There are 2 protein chains.
Amino acid sequence: MKNKFVYSFGGGKADGNEAMKNLLGGKGANLAEMAGHKDLKLPVPPGFTITTEVCTYYYKNKKTYPKNLKEEATKALKQIEKLMGREFGDPDNPLLVSVRSGARKSMPGMMDTVLNIGLNEKTIPGLIKQSGGDTRFAYDAYRRLIMMYSDVVMEKSAGIEPKDEESGIRKQLEKIMKQVKAKKGCSNDTDLTADDLKKLCSLFKSRVKEVLKKEFPDDHNQQLWGGIGAVFASWNGKRAISYRRIENIPDDWGTAVNVQTMVFGNMSDDSATGVAFTRNPGNGENGFYGEYLINAQGEDVVAGTRTPSPLNKYSKSGHNKDLITLEKQMPKIYKELYGYRGSLEKHYRDMQDIEFTIEKDRLFMLQCRVGKRNGPAAVQMAMDMLKEKLITKEEAIMRVSPSQLDELLHPIINPKEEASHKPLAKGLPAGPGGASGQVVFSAADAVEWAKQGKKVILIREETNPEDVEGMRASQAILTARGGMTSHAALVARGWGKCCIVGCGAMHVDYDKKEFVVSDKVIKEGAWITLNGTKGIAYEGQLPMMDATEENKQLNNFLKLCDSVKRLGIRTNADTPEDAKKARQFGAEGIGLFRTEHMFYGKTSEEPLFRLRKMIVSKSEDERRKALDELFPYVKKDIKSTLAAMDGLPVVIRLIDPPLHEFVPRDPGKLKQLAKDLNISLGELSKRADALHESNPMMGHRGVRLGITYPEISSMQIRAIFEAAAELIKEGKNPYPEIMVPVVSDVKELDNQFAITKDVYRKTLHKHGLKKIKHMFGTMIEIPRASFVADKLSRVAEFYSYGTNDMTQMGFGFSRDDIGGFLPEYLEKGILPEDPFQSIDQEGIGELIKIGIERGRKTRKNLEIGICGEHGGEPRSVEFCHKVNMDYVSCSPYRVPIARLAAAQAAIKNKKGKNK
Amino acid sequence: MKNKFVYSFGGGKADGNEAMKNLLGGKGANLAEMAGHKDLKLPVPPGFTITTEVCTYYYKNKKTYPKNLKEEATKALKQIEKLMGREFGDPDNPLLVSVRSGARKSMPGMMDTVLNIGLNEKTIPGLIKQSGGDTRFAYDAYRRLIMMYSDVVMEKSAGIEPKDEESGIRKQLEKIMKQVKAKKGCSNDTDLTADDLKKLCSLFKSRVKEVLKKEFPDDHNQQLWGGIGAVFASWNGKRAISYRRIENIPDDWGTAVNVQTMVFGNMSDDSATGVAFTRNPGNGENGFYGEYLINAQGEDVVAGTRTPSPLNKYSKSGHNKDLITLEKQMPKIYKELYGYRGSLEKHYRDMQDIEFTIEKDRLFMLQCRVGKRNGPAAVQMAMDMLKEKLITKEEAIMRVSPSQLDELLHPIINPKEEASHKPLAKGLPAGPGGASGQVVFSAADAVEWAKQGKKVILIREETNPEDVEGMRASQAILTARGGMTSHAALVARGWGKCCIVGCGAMHVDYDKKEFVVSDKVIKEGAWITLNGTKGIAYEGQLPMMDATEENKQLNNFLKLCDSVKRLGIRTNADTPEDAKKARQFGAEGIGLFRTEHMFYGKTSEEPLFRLRKMIVSKSEDERRKALDELFPYVKKDIKSTLAAMDGLPVVIRLIDPPLHEFVPRDPGKLKQLAKDLNISLGELSKRADALHESNPMMGHRGVRLGITYPEISSMQIRAIFEAAAELIKEGKNPYPEIMVPVVSDVKELDNQFAITKDVYRKTLHKHGLKKIKHMFGTMIEIPRASFVADKLSRVAEFYSYGTNDMTQMGFGFSRDDIGGFLPEYLEKGILPEDPFQSIDQEGIGELIKIGIERGRKTRKNLEIGICGEHGGEPRSVEFCHKVNMDYVSCSPYRVPIARLAAAQAAIKNKKGKNK
C-alpha cells in the first residue's frame with residue numbers, strides 16, 4: 001500500500017496519469033491524463049482522486065479510513081480552491097464539488113454519485129452571486145442536492161431499507177414535487193419559480209427528517225465525507241456485487257472516489273455545454289463535428305427538448321442550419337476548443353468524443369474518450385489516419401470491428417426511422433441487413449407474388465429444402481422455429497439475405513394465412529420490415545439505406561488486411577454464381593462445395609427427379625441406372641464451379657445429408673413423384689418410410705451412404721474427375737479437393753479412397769491424361785474423428801473442420817431443436833453465447849486442437865481448414881488462427897469479414913503462434 | 001538365426017518343447033511337448049519339425065533352403081525309421097509320413113497338407129504286408145496320395161493356375177472316380193474293390209501327366225521334398241495372405257513344416273481311432289469320456305456314418321449303450337490311455353481333448369488340446385480343479401468365460417434340436433436365452449392372449465414406451481428395426497427377456513397381422529422360436545431346456561470372483577422388484593434408477609396421466625399443479641426402491657427423455673387424453689406438436705428440462721429427500737445419490753445443485769432431521785462433459801458414465817438408426833464390433849479417460865461408475881477396471897457376468913493398475 005491516498009489534478013498539472021488505472025480507477029486516471037499530460041494540459045475542472053487502495057482498506061478495517069486520508073484530502077481541496085478562486089463553504093464565493101465513483105473497469109450505473117456538494121443555506125447566496133443573481137438556478141441546484149444526498153447517503157449508504165419502493169425517500173420527495181406542481185397547475189419542472197423551489201427545499205428537508213429521523217446536513221464538510229462514504233459503500237451494493245459476478249470483476253479491486261469542482265453550463269447566458277467529435281462519426285470525414293446549447297446542462301443536449309446549435313459550419317445540417325454556431329457566438333472559446341481537438345487526436349491517435357462546459361465564458365473539458373462510429377466512418381478514419389501517419393498499418397486494421405465492416409455489406413433500415421418504431425417481435429439475427437415486404441405463407445406464393453413484381457417476406461414455422469425457391473424469391477425470411485444454424489439461417493446467410501429465425505412469439509397459421517404475435521394479427525399481404533442484423537421485426541414498411549454509399553476505401557482496407565493475415569480465406573459456395581461473387585469478395589478458393597445443394601431450388605426439376613429416382617431405388621441395379629442418369633447434371637455443376645474458381649482449390653464434399661431429406665413431404669408432390677416414377681403411391685410411401693430416422697443428424701448419412709452405396713460415391717467422384725479432365729483439355733487449371741463427410745474411423749476413408757483411386761486411374765486412361773491435380777481428404781465433424789486423427793491423416797491429405805456438427809455432437813445440441821432451451825441458457829448465463837455462432841473454445845475447441853495435433857503428427861503438411869458457419873465469425877476466426885489452421889471458409893458475404901478477422905487475429909497473436 | 005533347422009520328436013524324447021512356438025509353430029511345439037516332456041512322454045507318432053526360420057530364409061533367398069537342412073532332415077528321418085522299425089522307401093516295410101504346416105498362430109485350413117508320402121509302386125506291397133494283406137487299403141491310400149499330391153504339390157505349389165475350377169487336376173481326378181463308380185453302378189467309395197482302386201490309380205497317373213505335363217513322382221524322397229516345398233509355398237498362397245491381413249499376422253513370421261509318421265487306425269481289426277475328453281465336457285463331471293471306432297480313420301468318427309462305441313462304461317448313453325467299450329475290447333490299450341489321461345490333466349492342469357489312433361494294437365497319441373465345454377461344465381470343472389488343488393483361485397476364475405456363465409442364466413433351446421432346424425431369419429441378439437410362442441402384432445393383443453394363458457411372441461416394426469405392457473406379457477420380442485440399444489433391446493435386457501431386434505429381412509404388415517421373410521408368410525397365431533443369444537428365429541415350437549439344472553457351484557464360483565475383483569457391481573433397476581432380484585444376483589447398489597421409467601407399462605395409468613397433464617401444461621402454474629399431483633407417485637416409487645436397497649447406494653437420475661416421448665402417438669389415445677384433460681383435441685395436438693423435435697436425442701432433455709422447468713427438478717428432488725426422510729424415521733438406512741443427466745457445462749450443475757440444497761434444507765427442517773446421507777452428481781454422457789470434467793467435479797461428488805449416449809454423440813451414431821449401415825460396417829470390417837455392445841476403447845474410451853483424469857484432479861475421492869449398457873459387457877468391464885472406475889452398473893440379469901468380468905479384469909491387470 002502506497003503512503004499517498006489522494007491524487008490531485010487540474011491547473012495544467014496532475015499527480016497521476018492514464019497508466020495508473022488500477023490505483024485511480026478508469027475515470028480518475030483519465031482526468032489526470034487530460035489535466036496533466038504535457039501534450040494536453042486541458043482545462044479540466046480541478047479535483048482529486050481518492051485511491052482504490054483506500055476502498056480496500058475501508059473494507060478490511062471495519063469501514064474506517066487510513067489515518068492520513070483526511071489531511072491529504074484537505075490539502076488537495078485547498079489546491080482546488082486556489083485554482084478556482086473559490087472556497088469550499090465560503091458563503092460569498094463557494095466552491096461546489098461532485099463526488100463520483102471510478103473503478104478499474106467501468107461499471108456503468110452500478111455505483112453512486114452526489115452532485116452540488118457544498119451547497120447549503122449559508123452558501124446559496126454565494127451561488128446566486130456567482131450566477132449573476134439567478135436565485136432560481138441556485139435553489140434548483142439545492143433541491144437536486146437534497147434529493148440525491150438524502151437518497152444515496154442518508155438512506156442507502158446508511159443501510160436503511162424502505163419496506164417498499166414507494167416509501168423510499170426519493171419517491172417521497174418526488175411525490176412532494178408532483179403535489180407542488182399540481183397545486184400550481186403546471187407540469188414541467190421549469191415552470192417552478194425561484195420561490196416555489198425555495199419552498200420545495202424546505203418541504204424536502206422536513207420530510208427527510210420525518211422519514212429518516214435525521215436532519216439534512218447543512219455542513220459542507222459533513223456533506224463531502226458523507227458523499228465519499230456513500231461511494232465506497234456502493235461498491236458493496238447489491239447491484240454492484242451482482243454486476244461484478246457477471247463481469248468477473250474481483251471484489252478486492254475496490255473503487256476510487258473522484259471529488260471534482262462543479263461547473264455549470266446553465267449558470268448564465270455566457271455559459272454553455274456541448275459535445276463534439278474530433279472527426280465526423282457518421283462518415284469518417286476529417287471534420288470537427290459537434291453541437292452545443294447556451295445556458296444549459298449536459299442532459300439538456302441529450303434530452304432533445306431544445307435543438308442544439310451546430311459547433312461550426314461543418315456541423316450544420318438540415319434541422320439546425322439556421323442556428324448560430326459556437327464558432328460565431330464565442331469565437332475565442334471555439335478557437336481554444338479547436339486547439340484541444342488537435343492535441344487530443346495527436347495524443348490519443350484516434351477520434352475522440354468530447355464533453356465540454358462553458359461556465360461564464362470559461363471553457364472546461366469534462367471528458368474525452370474514443371468516439372463511437374459507424375462502419376463506413378470506421379473504415380474511412382482508419383485509412384485516413386494511416387495516410388496521415390497518425391497510426392500504423394496494424395492499428396488501422398484493429399480500428400475497424402468486424403460488425404462495423406458488416407454494416408458496409410448490406411442495405412440497412414434507416415437507423416433514425418428505426419429508432420422511432422416499436423418492435424413487433426424479436427428472434428435470432430440469422431441473416432444481416434434490412435428488408436421490407438408483404439408477408440406470404442408458402443414458398444409457392446412467394447414465387448408467384450415475386451413474379452408479379454411484388455416484394456415479399458416469406459413466413460414459415462421453419463423452412464426445409466422444398467422452400468428454397470420461395471426463399472430465393474423473397475426479400476427476407478422470418479421463421480418461428482430454428483436456431484442460428486437452422487436450414488433457413490444457413491441458406492439465408494449463404495445468400496447474404498436478411499433473415500430472422502426462432503421468433504418464438506410468433507404463431508403461424510397456414511390455413512388462415514396469418515401469424516399472430518401477442519394480440520396482433522398479421523395477414524397475408526401486410527407489409528413488415530425486418531432488421532436481420534438485430535433480429536427485430538417491425539410492422540409496416542420502413543425506409544432502407546445503402547450503408548456503403550460508394551465506400552472506395554473498403555477495398556483498400558481489405559487489401560491492407562490481406563497484407564498481414566496468415567490464414568487463407570475460402571468460401572462455402574454451391575453454385576458458379578456464388579463462387580464468382582465470393583472471388584470478387586476476395587475468396588482464395590472454395591472450402592465447401594456441397595454436391596447435394598444442386599438439388600435445392602433449381603429452376604429445372606430434372607436433377608432432383610433423377611436423385612429421387614435413385615433414392616427410392618429398390619435394388620443396386622435400379623440405383624446404378626438412376627445414378628447414370630444423374631451423372632451429367634452433377635458433372636456440369638461441378639465443372640462450371642471449378643471453372644469459376646480456375647486455378648484455386650475447390651473442396652467438393654461427397655453427399656452428406658440423409659437421403660430422406662430429398663423425398664418430398666407434401667402429399668401432393670409425393671403423388672406426382674409416384675406417377676413420374678411409374679410406381680404406386682403405396683410403394684413409394686413404403687420406400688420413403690423405410691428411410692425415416694429417429695435422429696437423422698446421427699443417422700445414415702455422409703460416408704455411411706458412401707459405404708453402403710459405393711455406387712453413389714463412385715458417381716460423384718467420376719463427375720469430379722471427368723469435369724476436371726475436360727477443363728484441363730480446355731486449357732484450364734482445375735484443382736478439386738475431394739472431401740468425405742461424417743467420418744469417424746480411418747477404415748471409412750480407406751474404403752472411399754479405394755474408390756477414388758480406381759475412378760482416378762480410369763479417368764486418366766479415358767482422357768489420356770497423366771495427372772489431374774487433386775487432393776483426397778476428410779471432414780472432421782464427428783468427435784471421435786479428432787481422437788483418431790493420427791490415423792485419418794494416413795489417408796487424408798487435408799482436414800476440414802465441420803464445426804456445426806462438431807458442436808452438435810460435442811454438446812449433444814441438435815441445432816434444429818435448441819430453440820427449446822438455448823434462449824433460457826443464454827438468459828440465465830449458463831452458456832456465455834450460442835456455440836453455433838462462436839466456437840466453444842473450452843470444449844469443442846479442445847476437440848479441434850487434439851485433432852490438429854494428431855493429424856499433423858502423421859502428416860506434417862496436412863492442410864487444415866474449417867468450413868462450418870463459424871468460419872465467418874471473428875472470434876472463431878481468431879481461434880482458427882491460434883490453432884494453426886491453414887484457412888477458414890465462410891459464405892460469400894462473410895468473406896470480407898473473415899479477411900478482417902484473420903488480419904486482426906494475426907496482429908493480436910503476433911508474439912508466439914500458439915498462445 | 002539358429003544353426004539348427006530340424007527338431008525331432010518321438011520315442012519319449014523331443015528336441016523342442018511347448019515354449020518354442022515361435023520357432024516350431026504351434027503344432028510342432030505341442031508335438032514336442034507331448035512327446036518329450038518328462039511328465040508326459042506320450043507315444044506320439046515320431047517325426048520332426050522344420051523351423052519357421054527356414055520359411056523366412058526360403059522367401060529371403062529365392063526359394064532355396066539353408067545348406068544344412070537336407071542333411072539334418074535326413075538324420076531326423078533315420079531316427080524315425082529306427083523308432084518305427086520301418087524304412088522310408090523300403091519295399092518290404094515302408095515308412096510313410098505326412099507333411100503338414102504349423103504357424104505360430106493357428107491358421108486353420110489356410111495352408112496345405114500332404115498325407116501318405118513314401119507310398120509308390122515299389123512300396124505298395126510293403127504296405128499290403130503291414131496291413132496283413134489288405135490290398136484294397138493300400139491302393140486306397142495310394143489314390144489319396146495321388147489326388148492330394150498332384151493338386152497341392154504339382155499344380156498349386158508349381159504356380160499353375162487352371163483356367164477354371166473344373167479344369168483343375170483335383171476336379172479332373174474326381175471326375176474320373178465318378179465315372180468309374182458310375183460304370184460299376186455303385187455310389188460309395190467303399191464299394192470299389194482293390195482292383196478297381198488299382199486301375200483307378202493308373203488312370204489317375206496318366207491323367208496327371210496329360211494335364212500337368214509331368215510324371216507323377218514315384219521316388220519317395222522327391223515326394224517328401226515336394227511336400228515340404230508345397231507347405232512353404234502355401235504360406236504365400238492367396239488365402240493365407242488375406243487371412244493374415246485380417247488377423248494381423250506378420251508376413252515374416254513364416255510357417256514351420258511337420259513331417260510325421262503316418263499311423264493307420266483303419267489298417268486292420270486290431271486298429272482303431274477315437275477321441276476322448278479327460279472330463280465330461282457336457283456337465284463337468286470328473287469322468288473319462290470318449291468314443292472310438294475299430295478299423296477306422298479319424299474322419300469316420302466325425303462323419304457319423306458308423307455309430308462310435310463308448311470308451312468305457314461312463315461314456316455310455318442311450319444310443320450306444322449296447323456297444324462294446326474299449327475298456328472291454330482292448331483292456332491293455334485302454335489302461336495305457338487312461339494313464340495318459342491322468343498325466344495330461346496333471347501336466348496341462350485343464351481338461352484335455354485327445355485324439356488317438358491304435359495301429360495294429362499299438363496306441364498313438366495324435367493330438368491333445370484344451371477341450372471345449374459348455375457353461376455348466378466350465379463352472380463345475382473350475383471349482384473341482386480348485387478343490388483338487390490342480391489350479392489356483394485366479395486360474396479357476398479365468399477358466400469360465402462370461403458367455404459360458406451367461407448360458408447358466410437363461411433357459412435355452414435344446415442345442416441338439418436347434419442344430420437340426422433351418423433358421424427363419426437372423427437379427428441382433430438383444431436379449432439372451434430361448435423362447436417359443438405364438439406371434440401377435442400389437443401390445444394389446446399380447447396382453448389379451450397372455451391373459452388367456454397363451455404364450456406369445458410380440459412382433460413389432462420397432463417398440464416404443466406404449467408397447468411395454470405387451471412386451472412384459474410376451475415370452476419374447478422380435479423387431480424389424482433397431483440396434484442393440486434400441487428401446488426393445490434395453491427393456492428386454494433389463495428383464496432378462498429373450499429378444500431379437502433389427503431383423504431387417506422381416507417385413508411386418510400390421511393390417512394383415514402377418515410378417516414376411518423372403519417368401520414365407522407367418523400369420524398371427526403361428527408358433528415361432530427365438531434364440532436370443534444368437535439372434536436367430538425359427539419356425540415352429542422348439543423344445544427348451546434349463547441350462548442351470550441346479551448348478552450349486554454357481555454361487556460358490558461367483559463368491560470366488562468377488563474375492564478378487566476391485567470394481568463394485570451395481571445394477572440398473574427401476575422397480576423394487578428389479579432391485580430385489582439384482583440384490584439376489586449380488587448387486588452392491590443401484591447404479592441407475594430412471595425416475596421416468598415408472599411411467600412405462602404400469603398397471604395403473606394414473607401416474608402417466610398426471611405426467612402427461614404436466615407435460616402439456618400451458619403455464620408454469622398449470623405445470624406446478626400437475627407436478628404436485630404427480631409427487632406422491634414418484635415419492636412412493638423411490639421410497640420402495642430405496643427400501644429394497646436398504647443400506648446400499650441408489651443412484652437416482654432426474655428426468656432424462658424429451659417430454660414428447662410420453663405423449664401418446666396413437667390418435668385414439670390422444671383423443672382420450674384430450675377428453676381426460678378436458679381440453680380440445682386440437683389444443684392438445686398443438687401442445688404436443690410444439691414438443692416435436694428433429695433430433696430428440698440431442699434436444700430438449702435431461703438437465704435442459706431441469707433448467708427450463710426448475711419445478712420438475714424440484715419435485716423429483718423433493719420426492720427423493722422425503723422418501724429418504726420417511727425411511728430414516730422408520731429405522732432404515734437409505735442412501736440416495738442424485739444424478740443430473742445430459743450435462744455439458746458446470747453451470748448447469750450449479751443451477752441444479754442450488755435447487756437440491758434448497759430442497760434438502762427444507763426437507764431436513766420439515767422432518768426435524770440433522771442429515772440425510774446422500775450425494776449429488778452428474779452423468780457424463782455428452783462428449784464436452786469429459787473436457788470440462790475438472791470443473792464439473794467442483795460441484796459433482798460422483799460421475800456416472802452414460803456410455804450409450806457418449807457412443808451416440810462420440811460416433812454420431814443414432815442408436816435407433818444404425819440399422820441402416822452398422823451391419824454393413826461390421827461385414828466390411830470397417831468397425832471391429834458394434835460400439836453399443838462393447839465400448840470403443842480407441843475413441844470413446846479416450847474421451848472417458850480424459851474425463852476421469854480431469855474429474856479426479858479437482859476431487860480426489862470422486863466416485864466414478866458406468867451405467868450404460870456396456871456395464872455388463874466383459875471387455876467393457878475390463879476397460880472400466882483399467883481406467884480405475886469405482887463400479888459398473890448393469891441390468892439385473894447381467895450382474896453375475898459383471899462380477900466374473902470384474903474378477904477376470906483384476907487378475908489380468910494385476911501388475912500395474914493403469915495398463
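Everything below is about the structure printed above this text.
Residues numbered from 1 in each chain as written. Chains lettered and ligands numbered in written order. Predicted model: local features only at pLDDT ≥ 70, side-chain atom pairs only at ≥ 80, totals over all residues. Heavy atoms only, no water.

Chemist: Help me out: how do you make sense of the sheet that holds strand β20 (residues 498-501) of chain A in this one?
Modeler: Hydrogen bonding along the main chain pairs the strands of a sheet, whether they run parallel or antiparallel. Residues and elements named next belong to chain A. The strand order across the open sheet built from 8 strands is β15-β25-β24-β17-β18-β19-β20-β16, with neighbouring strands paired in mixed fashion. The two strands at the open ends of the sheet, each matched to only one other strand, are β15 (425-426) and β16 (428-431). Here helix α17 (residues 443-451) sits on the sheet and contacts β17 (434-440) and β18 (456-460); the angle it forms with β17, its principal contact strand, is near 110 degrees. (Pairing = 2+ DSSP bridges. Helix = DSSP H or I, 4+ residues; strand = E, 2+ residues; numbered from the N terminus. Contact = heavy atoms within 4.5 Å. Axes fitted to C-alpha atoms, helices over the stretch in contact; angles between N-to-C directions.)

Chemist: Looking at this model, I keep getting lost on the relation of the copies chain A and chain B. Mind explaining?
Modeler: Superposition of the two copies of the chain requires a rotation about an axis together with a shift along that axis. Expressed as a screw transformation, the operator carrying chain A onto chain B has a rotation angle of 180 degrees and an axial translation of 0.2 Å, and the superposed copies differ by an RMSD of 0.4 Å. The transformation just described matches what one would write down for a two-fold rotation axis. No C-alpha of chain A approaches the rotation axis more nearly than that of A:Asn695, which lies at 2.1 Å. With an isologous cut-off of 70% or more, the 98% of interface residues of chain A that recur at the interface of chain B puts this contact in the isologous class. (Least-squares fit on C-alpha atoms with pLDDT ≥ 70 in both.)

Chemist: Whenever I open this one, the state of the cysteines confuses me. Can you help?
Modeler: As used in these notes, a disulfide is a covalent bond between sulfur atoms, one from each of two cysteines. Residues and elements named next belong to chain A. Per the stated rule, a full pass over the model turns up 0 disulfides over all chains. Take Cys503: it sits in no disulfide, and the sulfur closest to it among the cysteines is that of Cys499, at 11 Å. Assessed through its relative accessible area of 1%, Cys503 is described here as buried. (Disulfide = S-S within 2.5 Å. Buried < 20%, exposed > 50% of the residue type's maximum accessible area, 1.4 Å probe, protein only.)

Chemist: What's the story with the nonpolar core in this structure? I'm lost.
Modeler: General note: in soluble globular proteins, nonpolar side chains tend to be found buried as a group. Of all hydrophobic cores here, the largest spans 253 residues; its most connected members are A:Met885 and B:Met885. Leave out the neighbours within four places in its chain, and A:Met885 touches A:Arg566, A:Leu567, A:Tyr801, A:Ile848, A:Ile852, A:Arg856, A:Ile864, A:Gly865, A:Ile866 and A:Cys880. (Core = buried A, V, L, I, M, F, W, Y, C linked by side-chain atoms within 4.5 Å.)

Chemist: Help me understand the environment of A:Gly133, please; the structure alone is not making it clear to me.
Modeler: Looking at the element boundaries, A:Gly133 is found in the loop between α4 (124-130) and α5 (135-156). The spacing of A:Gly133 and A:His220 is 87 residues in sequence and 22 Å in space, taken between C-alpha atoms.

Chemist: Explain the sheet that holds strand β3 (residues 47-50) of chain A here, please?
Modeler: Residue and element names in this part refer to chain A. In space, the 6 strands of this open sheet follow the order β2-β1-β3-β8-β6-β7, with antiparallel pairing throughout. This sheet does not close on itself; its edge strands, each paired only once, are β2 (13-14) and β7 (113-117). Lying on the sheet, helix α1 (residues 21-36) is in contact with β1 (6-10), β2, β3, β6 (97-103) and β8 (255-261); it crosses β6 at an angle near 120 degrees. Here helix α3 (residues 69-84) sits on the sheet and contacts β1, β3 and β8; the angle it forms with β1, its principal contact strand, is near 5 degrees.

Chemist: What's the story with the interface of chain A and chain B in this structure? I'm lost.
Modeler: One widely used convention gives an interface's size as the accessible area the parts lose upon coming together. Listed as interface residues are 50 residues of chain A and, on the opposing side, 49 residues of chain B. Both faces combined, the contact of chain A with chain B buries some 4500 Å², and carbon together with sulfur accounts for 52% of it. Where chain A packs against chain B, one counts 8 salt bridges. The interface formed by chain A and chain B contains 26 residue pairs in polar contact (both at pLDDT 80 or more). Every element with two or more residues in the side of chain A that touches chain B is listed here: α25 (681-690), α26 (703-708), α28 (746-767), α29 (783-787), α31 (803-811), α32 (822-827) and α33 (844-858) of chain A. (Buried area = accessible area lost by both parts, 1.4 Å probe. Salt bridge = Lys/Arg side-chain N within 4 Å of Asp/Glu carboxyl O. Polar contact = N/O pair within 3.5 Å; in protein donor to acceptor, adjacent residues only side chain to side chain.)

Chemist: Got a minute to help me understand unusual backbone geometry in this structure?
Modeler: Leaving glycine aside, a negative phi is the common case for residues, and trans is the common case for peptide bonds. For A:Lys389, which is not glycine, the phi torsion reads 60 degrees and is therefore positive. Of note, A:Lys389 is situated in the loop between α13 (375-387) and α14 (393-398). One non-glycine residue with positive phi stands out, namely B:Lys63, at about 55 degrees. Take B:Lys63: its relative accessible area is 53%, and that puts it in the exposed class.

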